[in-house]
Structure formats: structure tokens, C-alpha cells
Amino acid sequence: MSITPELIALNRMGFGPRAGDIEQIATLGGLNAYIERQLNPGSIDDSACEARIAQAKLRINYTTPTVVNETRTLSNLNKSVSQLWAIKDHASFSERIRPANEVRVAMIIRSAYSLRQLEQAMVLFWHDHFNVRPSSDSTIATVFPAYHALIRQHCLGNFRTFLEAIGRSTAMMYDLNNVSNRASGGEGGNENYARELFELQTLGSDNYLKFYDDRRNIGTVSYNGELFARGYIDEDVYEAARCFAGWTIRNGHWQFPATAEYNNGGYLYWPNWHENANKTVLSVDGFPNIPRNQAAEKDGKDVFDLAAYHIGTARTICTKLCRRFIADTSPPSVIEAAVAEWMAHRQSPDQIKRVVRVILNSSAFGSTWGQKNKRPFEFLISFIRATGVELVLTDDSHPEGSNWGIFFSRLRDCGHGMFEWPTPTGYPDIASYWANTNGTLRRWSLPYIISQNETPPSRWDGNAPITVRDWTTTALGNGASCQQIVDYWISRMFGYAIGTTSRTELIAFLAQGNLTTQPPKVLSSRPDWNDQAGLTDRFNNMLQLMAMAPEFQYR
């Protein structure tokens, strides 16, 4: 067994292969056909996964203002902002944070079971790129399902359209304070969103010219004959903030009319807070390029145009996409091919899809292995997918707690709490960040939690708590040797022949001093493994160790 492009694709375009996935790629007509199918997620019937989400239940438990302790379906996932807005003033914090927790549960289920694996990977990518943290503000937590739906809607669409939709969203408005950006009164404008728009969401920090204060001194760059400002400076941030003054949320502010229409959580342009003077943003000649007295919202739309269509934005985001799908340091030729596609299709409704297609069809995508580490969430989901574990979708087994909550907590312990990165940068996607002793020890505990049927609740088939041993017997019979058992699970877990050292250690663990060419035996000398239950547990432990192997950390 060797590492094939198909195996790489299943690990990088999603969260790892399930049993039969490689064979299915051949049935579809090969890797190119699989890539094209994944690039068109709407063509994939994902009703089985959606049925799981519909069946899922999440416990809610609080005592104030009334006693509530019950499990509920994920009823907030498809609500509009205005429907969610009604929850934000609930007296219980548990009710206000619940919509975000429902998104977390649905994210786990989709990542583990959705056939639309590339779409799910792109949703996670854009959540990091446009990071907002629901735990930072209960208003953000309340409207988080609408924000998540927005990311899912645009994850393979047009970046310029996507960028404005994010900028108008209630979650981003609150997370980066543009909700309070007013041209007059107080501080005279809030620059937080404008700065992150340039530094994180578009041009990137590499294009920040922090030692310049006069745009006329920094020059231009050219791409295919088109001129662009060489980078952005602080003055661009200040001017862009002025352009976005008045872009806010219908939140019942005292200056708005006292009607329900102005307190429903939706986007609002409030002209009284805007400044109509001319402005200079990413100007190629240093002179004002946004004239005074434009139509409502035109100043802000101009900034989105300038930022989204800039060559610096193309290179920044294409580099991040290549980092996600190929390696931390990707071939410049692939990045430049992605940039060319990005720039050529800046107006196309499927711009992002076209760029991702270029990356996935590159020779580097299918030939580069071992340079990306799974982050803890990806590691846990890949274990679930590889082993065939079925998560118990209800939350009934802990009458005073939450199994899903323990799932979230375990990931948080690994440094990868779902949607919990504290700054707007989003979680790092480089191997060196995640390769540390404490993080590795904590991630090693995740397979143990799953395979011991502890928390989160899981079953090896979704009904009865059958074990790794039962599955092995079904596949190989009762007389399989330790070597045969380990090789069977290596094939299932990895899809290729792992290193001799790892394989030898796994076989020795299962044999425990007995012949490796014989079936594993009950150990009369070991009080914890001296009966059939102990032997069953050793099978589980063997699989946990397999997930701890260095090879299982790669994607």
C-alpha cells in the first residue's frame, strides 16, 4: 500500500477517508471526477447527514430565571437574524449561547458524516479567515447560526460578494465594533473593522507599510498592466473607517425610531452617522479617489472593491488556500497559478471555486505528503471517520450535564476549541504551531475518550456498543494473528503501509509477549487483562495507539 493522490485528496479536501471512500473515487471515474463533484456540493445528496442533524439533541440546563433541564433539537440552525435576535435579551446566558452551541454540534456532525467534505473544509477555512468568537459576546453567540449559514453560502462563491456580506453581518459588526462606527461624537469613528479588513481579511499584514504616513511616497505595483497601491498604510485604515461610518445594526439605538423595524438585528445604513467628505483609500497616486456626497453606502462599497480586487489580496488568500490544501510552504508556481485564476475571475460568481480547482488539480496537491499536521478538531474527526464510530446524537445520558459540552471541552483542552480563537486572526494552520508536547499529549487522549464509549457518547455501529474486537472478528474471523489484525487496521486507518517501527510496536502491544503470528491471548498474569473483557479492551487500546502514531497526525 502506498500513499496515492486519492488518499491525499481524502485527507486534505475533507477530514480523512471512511471505509470504502477510495473505492468510491474509482467508481466515480477517478480523482479528477471526484474533485469536480466536490466542487459542486449542491449536486451531492447529503440527506443522510442532514437527517442526523435533525435527530441530534443538545441538553440545556439552568436554574435562573426558571428551572430548565431538558434536551432539545437543534432548532436555531436555520433561523434568520431577526428570529435569533429575539433570544439575545433572554435572562439566561445558557439560552443566549445555545444558538452558537447548536452550530458547534452541527459542525461536528457534518465534518464526520457529510458527503460534501470539501464544502465542510472550506467552511472551516473561512471561519478562521473571517474569525469571530461567539463566547466574546452573547449577542454574537445568539446570531451565530446566521453567520455560519452566510459562510456556508459563500464558501465557494465570489470573494467580493462574500466580503461585503461578512462586513454587513451582525456577528462581524459586533465582533469588530463597526456597529458603533460614527463619524461624529465620541471618538469620531471606530477603526477596528477597517484595520482588520486590510490586515486579515484582504491584503494581509505582508502588505502593511507601517513606516509610511504619506501615500504619495510609497509607489505602485503592476499586474497584467493594472496599477495598484503598493500596500496599505495607517491612513488607509483611518479613511476606510470614515467610509464605513454609518454602517450599523438595527439594535434599538436611542437615535433610531422606537419601532420594531429598527430593533430586529438586521443591517442598517444610518446616514446621520456618515461623513460625506472625499476620502483617500488605496489610491495609486495619493490623491482622493472616493468623492464627496456619494450615494448611500457607496463609500463603503468602493472600499470593498479596492480591497477585494487588489493583487495583494489575491496573493494573500491564494497563499492561505495553498497552505490549507498542499503544504505550509507551497510551490510558488501553484500560488501564482491560483493568483492568475483569482484575478481573471474577480467578477465571476464562482471565483473561489475556480481558484480551488486550480490548486486541487496541481501536481503538488497530489504528490505532497507529511508536511501538514491535523489540527485537534481535524484529528478527532478523522479518527471517527476512519474507525466508523457513530456518535450518539442525543444528549440524554447525562441528566445534569451535556455530552456535547464535554466534546467541546476536550477540544478546548487541546487548544482548538470550536470558534474560540481569541483574536480576529483565526486558528493557525501551520504544522509548527501544533507540534508541541502539551498539545500532543492532550490530542492523544481524544481517541481514548471515543473508543472507551465515554464522552462524547459513541458507539462502534450506532446501535449496540460493539467493539473493535467484534469488528475485527467480523472482518478476519476468530483465528487472525496479531500481525494480521494490526495490518487490517493499518489499512483501514491509514490507507497505506506505515513505518516499520510503528507497525512493530503495535503488533508487540497486541501480542504482549506471545507469538505475533498467533491470535492475541488473555493474559493470566495481568489483573486488568486476565479475562475476555480485558482482551476486548486491549483491542480498543491498540486502536488508540494506532491513532497516536506519527503517521496518523499527517494530512
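Just so it is clear, the structure is predicted and the values come from calculations on it, not from any experiment. (Residues numbered from 1 in each chain as written. Predicted model: local features only at pLDDT ≥ 70, side-chain atom pairs only at ≥ 80, totals over all residues. Heavy atoms only, no water.)

1. Notes on the overall build of the protein
Thought 1: Each helix and strand counted, the protein has 24 helices and 8 strands in total.
Thought 2: A compact globule built from 555 residues should have a C-alpha radius of gyration of about 24 Å, and the protein, at 26 Å, falls within 12% of that.
Thought 3: The dimensions of the protein, computed from C-alpha atoms along their principal axes, are 85 × 60 × 40 Å.
Thought 4: The burial tally for the protein puts 55% of its 555 residues in the buried class.
Thought 5: Across the protein, contacts joining residues at least 24 apart in sequence account for 70% of those joining residues at least 6 apart. (Helix = DSSP H or I, 4+ residues; strand = E, 2+ residues; numbered from the N terminus. Rg over C-alpha atoms; globule rule 2.2 N^0.38 Å. Buried < 20%, exposed > 50% of the residue type's maximum accessible area, 1.4 Å probe, protein only. Contact = heavy atoms within 4.5 Å.)

2. Regarding the packing of aromatic side chains
Thought 1: Evaluation of the coordinates by the stated rule reveals 34 aromatic pairs.
Thought 2: Within the aromatic cluster, the residues linked to one another by ring pairs are Phe-125, Trp-126, Phe-130, Phe-159, Phe-162 and Trp-342.
Thought 3: Sitting over the ring of Trp-273, Arg-182 keeps its end group 5.0 Å from the ring centre. (Phe/Tyr/Trp six-rings, centres within 6.5 Å; stacked < 30°, edge-to-face > 60°. Lys NZ or Arg CZ within 6 Å of the ring centre and 35° of its normal.)

3. A short note on the side chain of Asn-76
Thought 1: The residue Asn-76 is located in the loop between β2 (68–73) and α5 (81–85) in this model.
Thought 2: What makes Asn-76 buried here is its relative accessible area of 5%.
Thought 3: Leave out the neighbours within four places in its chain, and Asn-76 touches Leu-84, Ile-87, Arg-98, Pro-99, Glu-102 and Pro-145.

4. Some thoughts on helix α21 (residues 468–476)
For an α-helix, the turn length of 3.6 residues means that residues three or four places apart are oriented alike.
Thought 1: Taken together, the buried positions of α21 are Val-468, Trp-471 and Thr-472. Within α21, the buried residues cover an arc of 100° as seen down the axis, which keeps them to one side.
Thought 2: Gly-477 sits one or two positions beyond α21 and adopts a positive phi of about 90°. (Arc of directions from axis to C-beta.)

5. Re the nonpolar core
Thought 1: If you look at the biggest cluster of nonpolar residues, it comprises 152 residues, and the most contacted ones within it are Met-122, Trp-126, Phe-198, Ile-384, Trp-404, Met-493 and Met-546.
Thought 2: When residues of this core are assigned to their parent elements, the largest contribution, 10 residues, is made by helix α6 (residues 93–113).
Thought 3: Apart from the residues within four sequence positions on either side, Met-546 is in contact with Val-486, Trp-489, Ile-490, Met-493, Phe-494, Leu-506 and Phe-552.
Thought 4: Residues Phe-256, Tyr-262, Trp-270 and Trp-273 belong to the second largest nonpolar core, which totals 5 residues. (Core = buried A, V, L, I, M, F, W, Y, C linked by side-chain atoms within 4.5 Å.)

6. Considering the confidence of the model for the protein
Thought 1: With 95% of its residues at a pLDDT of 70 or more, the protein has an overall mean of 91.
Thought 2: Low pLDDT, under 50, characterises residues 459–464; the predicted model gives this stretch 20 contacts beyond four residues in sequence or across chains. (pLDDT = per-residue confidence, 0-100.)

7. Quick notes on the pairing of strand β3 (residues 220–223)
Looking down a regular strand, the side chains alternate between one sheet face and the other.
Thought 1: Strand direction decides the pairing type here: β3 and strand β4 (residues 226–229), joined by 4 bridges, are antiparallel. For Tyr-223, the partnering residue across the bridge sits in β4 and is Glu-226.
Thought 2: Counting the residues in the hairpin turn of β3 and β4 gives 2 residues, including Asn-224, whose phi is positive at 50°. (Pairing = 2+ DSSP bridges.)

8. What about the pattern of salt bridges?
Side chains that differ in charge, positive against negative, can pair when their charged atoms come close.
Thought 1: Inspection of the entire model under this criterion finds 34 salt bridges.
Thought 2: Two residues, Glu-164 and Arg-160, come together in a salt bridge whose shortest N-O distance is 2.8 Å. Placement of the pair is Glu-164 and Arg-160 together in helix α9 (residues 159–168), with a separation of 4 residues, close to one helical turn.
Thought 3: Taking the shortest distance from any N to any O, the salt bridge between Arg-354 and Asp-350 comes out at 2.9 Å.
Thought 4: Within the structure, one salt-bridge network assembled from shared partners comprises Asp-128, Asp-328, Lys-372, Arg-375, Glu-378, Asp-429 and Arg-555. (Salt bridge = Lys/Arg side-chain N within 4 Å of Asp/Glu carboxyl O.)

9. Some thoughts on the environment of Gly-366
Thought 1: Examined against the element boundaries, Gly-366 turns out to sit in the loop between α16 (351–360) and α17 (376–387).
Thought 2: Spatially, the C-alpha atoms of Gly-366 and Gly-246 are 47 Å apart, while their sequence positions differ by 120 residues.
Thought 3: What Gly-366 contacts, discounting residues up to four positions off in sequence, is Pro-5 and Ile-8.

10. With respect to the packing of helix α1 (residues 5–12) against helix α2 (residues 21–28)
Thought 1: At a minimum axis separation of 10 Å, α1 and α2 run at an interaxial angle of 110°. One finds that α1 runs roughly perpendicular with respect to α2. Every pair of crossing elements has a handedness; the one defined by α1 and α2 is right-handed. Contact residues: Glu-6, Leu-7 and Leu-10 in α1; Asp-21, Ile-22 and Ile-25 in α2. (Axes fitted to C-alpha atoms, helices over the stretch in contact; angles between N-to-C directions. Parallel < 35°, antiparallel > 145°, perpendicular 65-115°, else oblique. Left-handed = near helix turned anticlockwise from the far one by under 90°.)

11. Looking at the side chain of His-310
Thought 1: If you trace the backbone, His-310 turns up in the loop between α13 (298–308) and α14 (311–325).
Thought 2: Reaching out from His-310, the side chain makes a polar contact with the backbone nitrogen of Gly-312 at a distance of 2.8 Å.
Thought 3: Those residues within four positions of His-310 in sequence are excluded, and the remaining contacts are Leu-203, Phe-228, Ala-229, Leu-282 and Met-343. (Polar contact = N/O pair within 3.5 Å; in protein donor to acceptor, adjacent residues only side chain to side chain.)

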